[in-house]
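Here are the chains, one letter per residue:
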Amino acid sequence: MAVPISTRPEPDRVPAVARPATSPPPRPATWVLKAVMAVTGTVFALFVVVHLVGNLKVFLGPADFDGYAHWLHEDLLAPLVPHGWFIWIFRVTLLVCLVAHVWAAVVLRHRARVARGPHRRQGLRSFRSFQARSMLVTGTVLLFFVVFHVLDLTTGTQPAATAEFARGEAYANLVHSFQRPVVAAFYLLAIGTLFLHLAHGLWSVVNDLGATGRRLRATGAAVAGIAGLLVLVGNMLIPVAVLTGLVA
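**Q** Help me understand the overall build of the chain in this model?
**A** A count of helices and strands for the chain gives 8 helices and 0 strands. The linear arrangement of helices and strands in the chain, starting from the amino end, is α-α-α-α-α-α-α-α. Here the chain, with 248 residues, has 30% of them falling under the buried criterion. In the chain, the proportion of contacts linking residues at least 24 apart, taken out of those at least 6 apart, comes to 70%. By element, 70% of the accessible surface of the chain is carried by carbon and sulfur atoms, the whole surface being about 16,700 Å².

Structural data, given as structure tokens:
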């Protein structure tokens, strides 16, 4: 029996195209950078809260505030660690966290700009979008403020510090500093910037550490906003009290 021969032409064979080699994933991974941002940001948030609680002792008077400053710098965790060591361990820890935080932020910002390309989002943007886009700016302002704050009230370096600066006189140094309207205004500006940075940063921590679910994310946003607002109000009370003569 004869086998019918198909008269349809065979389809043209498509030559195999070599796939372009994929670029290796960036190192460190983006999730690692976000985790670094989240952990170091949490450390800074805890420091801001504890620092505020300590600074509010200024309303108790010179004896209580100076006593707290002495305990913090000399006696905290003693004799577990030698007197005066804790504050330096703490400062080194904060410095390491600061370097890691800034490094991760710069790398993530660069990757985001490369991924976005030349196209920018058009139209109205939400307040949270504004916070996210301004994180690098607010972080830079806070970095300058931290440097000024250390020179003013920790090392007593002029012209950041007043001529009346005296080591061990924490209450008097704070009052003399905030009696300068320009310094008080700069402090208030920095605290407002801190509110924007802290509120969005804490909300980002909830997301970057893997929180899912609308309710949990909404709770994280509420906690971040309330914490930022409390830090804002609490820190603003101090320079306002000095300028109005309530603390003098």
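**Q** Please clarify how a nonpolar patch on the surface should be interpreted in this entry.
**A** A contiguous nonpolar surface patch, about 540 Å² in accessible area, is contributed by Leu56, Phe59, Leu229, Val233, Leu237 and Leu246. On the secondary structure map, Leu246 appears in the segment after helix H8 (214-243). Under the relative-accessibility criterion, Leu246 is labelled exposed at 65%.

**Q** Is there a simple way to think about the packing of helix H1 (residues 30-55) against helix H3 (residues 85-116) in this case?
**A** Interaxial distance between H1 and H3 falls to 9 Å at its minimum, and their mutual angle equals 140 degrees. The angle between the axes of H1 and H3 places the two elements in the oblique class. In this structure, H1 crosses over H3, and the sense of that crossing is left-handed. Across the interface between the two elements, Thr30, Leu33, Lys34, Val36, Met37, Thr40, Gly41, Val43, Phe44 and Phe47 from H1 touch Phe90, Leu94, Cys97, Leu98, Ala100, His101, Trp103, Ala104, Ala105, Val107, Leu108 and Arg111 from H3. For the contact of H1 with H3, the residue count by class is 16 nonpolar, 4 polar and 2 charged.

**Q** Help me understand the pattern of salt bridges, please; the structure alone is not making it clear to me.
**A** Side chains bearing opposite charge may pair, as long as their charged atoms lie close to each other. Across all of its chains, the model carries 1 salt bridge by this definition. A salt bridge links Arg180 to Asp152; the shortest N-O distance between them is 3.3 Å. With Arg180 in the loop between helix H6 (170-178) and helix H7 (181-208) and Asp152 in helix H5 (residues 135-153), this pair connects stretches of sequence that are 28 residues apart.

**Q** Is there a simple way to think about the packing of aromatic side chains in this case?
**A** Geometrically, a pair of aromatic rings is defined through the distance of the ring centres and the angle of the planes. In total, this model carries 8 aromatic pairs according to the counting rule given. Three or more aromatic residues joined by ring pairs make a cluster, and in this case those are Phe145, Phe148, Phe178, Phe186 and Tyr187. Lying over the aromatic face of Trp88, Arg91 brings its terminal NZ or CZ to 4.7 Å of the ring centre.

**Q** Where do I start with the nonpolar core in this structure?
**A** One recurring pattern in soluble globular proteins is that nonpolar side chains are buried together. With 22 residues, the main nonpolar core has Val58, Tyr171, Leu174, Phe178, Leu194, Val242 and Val247 as its most contacted residues. Mapped onto this core, the elements with two or more residues apiece are H1, H5, H6, H7 and H8. Ranked by residue count, the leading element in this core is H7, at 6 residues. Discounting residues that sit within four places of it in the chain, Val58 has contacts with Phe65, Tyr171, Leu174, Ile238 and Val247. Listed in part, the 5 residues of the second largest apolar core include Leu33, Met37, Ala104 and Leu108.

**Q** I'm lost on the environment of Asp66 in this one. Help?
**A** Within the secondary structure layout, Asp66 lies in helix H2 (residues 62-75). Residue class for Asp66 comes out buried when judged on its relative accessible area of 19%. Between the C-alpha atom of Asp66 and that of Ala172, which follows or precedes it by 106 residues, the distance is 9.0 Å. Setting aside anything within four residues of it in sequence, one finds Asp66 in contact with Gly168, Glu169, Ala170 and Tyr171. A polar atom in the side chain of Asp66 sits 2.8 Å from the backbone nitrogen of Tyr171.

**Q** Quick question: what am I supposed to make of the side chain of Asn173 here?
**A** Along the chain, Asn173 turns up in helix H6. Within the structure, the side chain of Asn173 is placed 2.8 Å from the backbone oxygen of Ala166, a separation counted as a polar contact. Apart from residues no more than four positions distant in its own chain, Asn173 is found in contact with Leu153, Glu164, Phe165 and Ala166.

**Q** It is not clear to me how the confidence of the model for the chain should be interpreted in this structure. Could you clarify?
**A** Any segment with low pLDDT has predicted coordinates that should not be analysed in fine detail. Residues at a pLDDT of 70 or more form 81% of the chain, whose mean pLDDT is 83. Within the chain, helix H4 (residues 127-133) has the poorest average pLDDT of any element, 58, and H6 the best, 95.

**Q** Help me out: how do you make sense of the packing of H2 against H6 in this one?
**A** Interhelical geometry of H2 versus H6 gives an angle of 110 degrees and a closest axis separation of 7 Å. Here H2 lies roughly perpendicular to H6, going by the angle between them. Listed contacts from H6 to Pro62, Phe65, Asp66 and Ala69 of H2 are Ala170, Tyr171 and Leu174. The class makeup of the residues in the contact of H2 with H6 is 6 nonpolar, no polar and 1 charged.

Thresholds, definitions, all that
- Residues numbered from 1 in each chain as written.
- Predicted model: local features only at pLDDT ≥ 70, side-chain atom pairs only at ≥ 80, totals over all residues.
- Heavy atoms only, no water.
- Helix = DSSP H or I, 4+ residues; strand = E, 2+ residues; numbered from the N terminus.
- Buried < 20%, exposed > 50% of the residue type's maximum accessible area, 1.4 Å probe, protein only.
- Contact = heavy atoms within 4.5 Å.
- Areas by Shrake-Rupley, 256 points an atom, 1.4 Å probe, with all protein chains shown as cover.
- Patch = residues over 30% accessible without salt bridge, like charges linked within 9 Å, V, L, I, M, F, W, Y side chains within 5 Å.
- Salt bridge = Lys/Arg side-chain N within 4 Å of Asp/Glu carboxyl O.
- Axes fitted to C-alpha atoms, helices over the stretch in contact; angles between N-to-C directions.
- Parallel < 35°, antiparallel > 145°, perpendicular 65-115°, else oblique.
- Left-handed = near helix turned anticlockwise from the far one by under 90°.
- Nonpolar A, V, L, I, M, F, W, Y, C, P; charged D, E, K, R; others polar.
- Phe/Tyr/Trp six-rings, centres within 6.5 Å; stacked < 30°, edge-to-face > 60°.
- Lys NZ or Arg CZ within 6 Å of the ring centre and 35° of its normal.
- Core = buried A, V, L, I, M, F, W, Y, C linked by side-chain atoms within 4.5 Å.
- Polar contact = N/O pair within 3.5 Å; in protein donor to acceptor, adjacent residues only side chain to side chain.
- pLDDT = per-residue confidence, 0-100.

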